[in-house]
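What the coordinates show
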Amino acid sequence: MADDLDRIEQALLTNIAELSTGDLLAGGSAGSVTSGAPMLDDELARRLFDVQMNSRHLDHTARWLRARGIGYYTIGSAGHESNAFVAAALRPTDPALLHYRSGGFYLARAAQVSDDPLAGVRDVLAGMLALVEEPIAGGRHKVFGHPDLDVIPQTSTIASHLPRAVGVAFAIGRARRLGVPSRWSADALAVCSFGDASANHSTAQGAINAAGYTAHGGLPLPLLFVCEDNGIGISVPTPAGWIESMFRGRPGLRYEAADGTEPSRLFAVAAELADWVRTNRRPAVLHVRTVRFMGHAGTDVETGYRSASAVRDDLARDPLLATARLLVSRSLATPAELCDRYLYRRHEIRELAVSMVGEPTLEDAGAVMAALAPRRDLLAAQAAEHAGGAAERGEFFGATLPEQEGPLTLAETINRTLGDVLVSTPHALVFGEDVAVKGGVYGVTRGLAKKAGSARVFDTLLDEQSILGLALGAGVSGLLPIPEIQYLAYLHNAEDQLRGEAASLAFFSQGAYKNPLVVRIAGLGYQKGFGGHFHNDNSVAVLRDVPGLVIASPGHPADAAPMLRSCVAAAAVDGTVAVFLEPIALYHTRDLHDSGDGAWMAPYRAPDQWADAHVPIGEGRVARDGDDLLIVTWANGLYLSLRAARRLAARGVSCRVFDLRWLAPLPFGAVTWHANDVGRVLVVDETRRSGGVGEAVMADLLEQGFAGRARRIAAHDTFIPLGDAANTVLVSEDDIVTASLDLLDLGHR
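Quantities reported herein were computed from a predicted structural model and do not represent experimental measurements.

**Here's the deal with the overall build of the chain**
In terms of regular secondary structure, the chain is built from 28 helices and 22 strands. The C-alpha radius of gyration computed for the chain amounts to 29 Å, which stays within 12% of the reference 27 Å derived for 749 residues, consistent with globular compactness. A total of 749 residues make up the chain; the buried ones form 61% of that total. Taking the contacts inside the chain whose residues are at least 6 apart along the sequence as the reference set, 80% of them involve residues at least 24 apart. Accessible surface, the chain: about 27300 Å² in total, of which carbon and sulfur atoms supply 52%. In the chain, 68 positive and 87 negative side-chain charges are present, and the distance between their average locations comes to 3 Å.

Below, the structure written as structure tokens:
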């Protein structure tokens, strides 16, 4: 099989064959590492050379498989195999979030817990072949991850895992402070690798800033960033010295650099830096200089944008050659032995790959979606009934319990429910911009920090990506985060943390890793006196098509408490990722029809009534009964529709108002049943006409064969302006009355 060696392999073997014991102190010196740093022993050096070989052979095998139409992934780690020495400097129980070129790290981590010379190799091959047996994604994607290796799979866009890494490191310290269980050991550190091009991404910059900000504030954050710098992002060169300039001297971060061609020094620097992070509980950056072989991926021809001399020069910086030089210099192997070992392992891995071809892959949609968002409703319902003890609730709420306060507004109800969650769930955290000292822009979290303590209710920096990343890291670590995004419009620059990271984690790990999460978001329109697009945003389309994401949107206080408890319970039981979308305009509303009627308030139920009041995910409700027309709506639309229904009743029209309550999953079955029962349907959609919720409701009615009359009214396809101009683009009470009469052919009355 050696007759199909490519130019990289040929150069490597030629260069190894020419080594002599006099070559080499470049690979054997530890350089200027702090005195006392761990040194690379002979046995570990041998083992890591084998790991590096395995990683290189996997990359060559990926190209070989793809060329035959039987492999699906060719972005490799060739040239980056020096990251194996970083893995060897860490504990196998340190949570790792890996760059897609960190194959050497993954195999070295596998070798730390197994004596199998091919440890981790079958995992990676199974990913390339999209096999069901692949231990993390089960054939859904090729990722580096394994629950037994504490490697959390990364599945989203470039650098999107860095905010989660900050969250994991934060959670290690926070769980220790709270005295609650965590997935990681109390003295663990988190390690996160990424490329030099990725370092420029706004997501990476935000996470790195958040790490420095947190450390500057004196909070523990044991996080080791590893920048694998090969000097090029696909075809765009990274300016010489840029990565060092970016990180050296950055506030809150220690910076060290090492070259992949100096394995002994790299190991010593990594070990010393890891010990510093672990001891001081502060973040650091390890800058590892690497090379990249075989282009960006299988379809990339790098000779189209790199000179032949640049490509040729990289061959002399091959990390496998550097480790071979070290082994020969220490008389641990001869050049001939290393070449023979390379060719033998090449054959062994190629044969293993061939033997795996044809093994089972995912064959139907059900199998693909099985791990997406499993929901155990009965267990969640039981969890939602759980409350803190009477003494604990009394200590938290004081002399007057929430159920003794009388009718509460929507904001007050959410506040009391969060309080009960904090009492009953010691590992729950509430955080976000202004949520602690100020108690939120609208007072929704007022008093919670004082009652629960600053370790559980706290303010964050003003960066939505970091807020969500903190939550993702906390969730995967065993905590139950309830972050707040201050306004719906502020979510959009961070939405990939939900789409690409939160919602996909269970899918790409077959549930081995989950990030239970309830994101509170203040949003929707109709806010008076303080509006404009950034504070009145009625666009939820970006959330509704995220697979597995639950979206709750209560309008009335009577629904808010049980729905929030359902979201928290589902997160705790199934790792559900939920968005709790709160209509700002209804936060402090008290009356529905007449001043002083108090119809938009509700008493808070005592814990012994929670079971009867439970609202399962995806279940709507009839808010007003009637026989002539079904109005389907939610949140602000519910308020407007109930007012319109009373006006219509005065004209002899009996309206049934159905509150969706959940925007994902929508209660399609109940809507269809009521539509068939009444015969005429008006969908009142406060979101935009294009991409709004009403589109889905109307489409499902059509698909279910609804034979009656149906109409939809929705907001205009525009951003919401300031002042009274907002009323020209949002659905109004008058719009509902007019559309209802037209639908009933009563418009002339």
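Once you've had a look at it, read on.
**With respect to the packing of aromatic side chains**
Counted by the stated rule, this structure contains 11 aromatic pairs. Centroid distance F194 to F225: 6.1 Å. Interplanar angle 80 degrees. Geometry classified as edge-to-face. With F194 in strand β3 (residues 190-195) and F225 in strand β4 (residues 223-229), this pair connects stretches of sequence that are 31 residues apart. For the pair shown, F194 and F225 are each scored as buried. An aromatic cluster is present here, built from Y442, Y487, Y490 and Y587 joined pairwise through their rings.

**Focus on the nonpolar core**
Judged by nonpolar contacts, the single largest core of 91 residues is most densely connected at L162, L223, F225, L498, V579, V632 and L660. With 9 residues, helix α7 (residues 162-178) is the largest single contributor of residues to this core. Discounting chain neighbours no more than four positions away, the residues touching L498 are L468, L491, A503, L517, V519, L543, V546, V577 and V579. Within the second largest apolar cluster, 73 residues are counted, among which are L19, A45, A284 and L352.

**A closer look at the confidence of the model for the chain**
In the predicted model, the chain carries a mean pLDDT of 93, and the fraction of residues at 70 or more is 97%. Below pLDDT 50 for its whole length, residues 26-32 participates in 16 contacts with residues either more than four positions away or in separate chains.

**Re the environment of I584**
Inspection of the secondary structure assignment puts I584 in the loop between β15 (577-583) and β16 (602-603). Each C-alpha atom of the pair I584 and A522 lies 5.7 Å from the other, and the pair is 62 residues apart in sequence.

**A look at the pairing of β4**
Among the 7 residues of β4, 7 are classified as buried, and the element is accordingly described as predominantly covered. Both faces of β4 are covered, namely the face carrying L223, F225, C227 and D229 and the face carrying L224, V226 and E228. In terms of strand pairing, β3 meets β4 through 6 bridges, oriented parallel. Paired with F194 across the bridge in β4 is C227. In terms of handedness, the path from β3 via helix α8 (residues 202-216) over to β4 forms a crossover that is right-handed.

**Details of unusual backbone geometry**
Across the junction of A664 and P665, the peptide omega takes the value -5 degrees, indicating a cis bond. Inspection of the secondary structure assignment puts P665 in the loop between β20 (662-664) and α26 (668-678). One non-glycine residue, M294, lies in the positive phi region at around 70 degrees. Mapped onto the fold, M294 is located in the loop between β8 (284-289) and α11 (308-315).

**Points about the side chain of D463**
Here D463 shows up in the loop between β11 (457-459) and α19 (464-476). When residues no more than four places from it in sequence are discounted, the contact partners of D463 are G206 and E433.

**A short note on the side chain of T203**
Within the fold, T203 resides in helix α8. Sequence-distant contacts of T203, defined by excluding residues within four places in its chain, comprise A159, S160, P163, Q465 and Q497.

**Some remarks on helix α25 (residues 635-649)**
The terminal C-alpha atoms of α25, which comprises 15 residues, lie 21 Å apart, in line with the 21 Å expected from a rise of 1.5 Å per residue. Buried within α25 are the following residues: A635, N636, G637, L638, Y639, L640, S641, L642, A644, A645 and L648.

Analysis parameters
Residues numbered from 1 in each chain as written. Predicted model: local features only at pLDDT ≥ 70, side-chain atom pairs only at ≥ 80, totals over all residues. Heavy atoms only, no water. Helix = DSSP H or I, 4+ residues; strand = E, 2+ residues; numbered from the N terminus. Rg over C-alpha atoms; globule rule 2.2 N^0.38 Å. Buried < 20%, exposed > 50% of the residue type's maximum accessible area, 1.4 Å probe, protein only. Contact = heavy atoms within 4.5 Å. Areas by Shrake-Rupley, 256 points an atom, 1.4 Å probe, with all protein chains shown as cover. Lys, Arg positive; Asp, Glu negative; His and termini not counted. Charge placed at Lys NZ, Arg CZ, Asp CG, Glu CD. Phe/Tyr/Trp six-rings, centres within 6.5 Å; stacked < 30°, edge-to-face > 60°. Core = buried A, V, L, I, M, F, W, Y, C linked by side-chain atoms within 4.5 Å. pLDDT = per-residue confidence, 0-100. Pairing = 2+ DSSP bridges. Right-handed = clockwise from strand over helix to strand, strands pointing away. Expected span 1.5 Å × (residues − 1).

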